[in-house]
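Architecture at a glance
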Amino acid sequence: MAEEDDLNLPRAAINKMIKEILPQVRVSNEARELVVACCNEFIHLLASEANDICNKNTKKTIMPEHVLDALEALGFGTYVQRCREVLQECKHVAQKKRKGSSRLENLGIPEEELLRQQQELFAQAKQQQLEQEQQEWYQQQMEMVRDGLIPAPGQPPTQDIAGPSSAIENS
């Protein structure tokens, strides 16, 4: 059963398409299963035909043109123009993604320089964190001095501050 599911379109995707195309129509589960089965069969048929066309052209990779030719051969020629439009949209999106991913390359700054700048920023952030922690520690110490919990720097501890051990010695 698991192998069979691997070869099918996801039911959730088909159900979503049905809801988007027919938002006001209730579709039974049996009808949904039939649509899924038909979609799977159509893709299998189209892929097989595209593979045959690919083999006839002595190619090893199915290309978009093979799929479009397969649509024609199977009698779905009316869909070819819309498929070509979708193909162009897909190519455009893919090209945009490639351009977006090369943004780093378009900066004109060598990777070594970018790495050096990154390390410098990390060092600065680490230094700022250290200074902040030192400032917080100092403020805690000053609060403890103000509250009489510890002596001020440079002053000897008083008997009250010495804690429980001095009380034991005085008894």
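Structure: see above.
Just so we're clear, the structure is a prediction, and the values are computed from it rather than from any experiment.

Taken as a whole and judged by the stated rule, the model has 7 salt bridges. In this structure, E33 engages R11 in a salt bridge whose closest nitrogen and oxygen atoms are separated by 3.0 Å. Placement of the pair is E33 in helix α3 (residues 29–56) and R11 in helix α2 (residues 11–21), with a sequence separation of 22 residues. Its relative accessible area of 36% is what places R11 among the partly exposed residues. One salt bridge in this structure joins E65 and R84, with 3.0 Å as the shortest N-O distance. One end of the pair, E65, is in helix α4 (residues 64–73); the other, R84, is in helix α5 (residues 80–101), and 19 residues separate them in sequence. When its relative accessible area of 38% is taken as the criterion, E65 is described as partly exposed. In this structure, a network of salt bridges that share partners links the residues R82, E85 and E89.

Counting residues in hydrophobic clusters, the biggest one holds 7 residues: L46, A50, I53, L68, A70, L71 and V80. Counting only elements with at least two residues in this core, the list comes to α3 and α4. Excluding residues that lie within four positions of it along the chain, L68 makes contacts with V80, C83 and R84.

Rules and cut-offs
Residues numbered from 1 in each chain as written. Predicted model: local features only at pLDDT ≥ 70, side-chain atom pairs only at ≥ 80, totals over all residues. Heavy atoms only, no water. Salt bridge = Lys/Arg side-chain N within 4 Å of Asp/Glu carboxyl O. Helix = DSSP H or I, 4+ residues; strand = E, 2+ residues; numbered from the N terminus. Buried < 20%, exposed > 50% of the residue type's maximum accessible area, 1.4 Å probe, protein only. Core = buried A, V, L, I, M, F, W, Y, C linked by side-chain atoms within 4.5 Å. Contact = heavy atoms within 4.5 Å.

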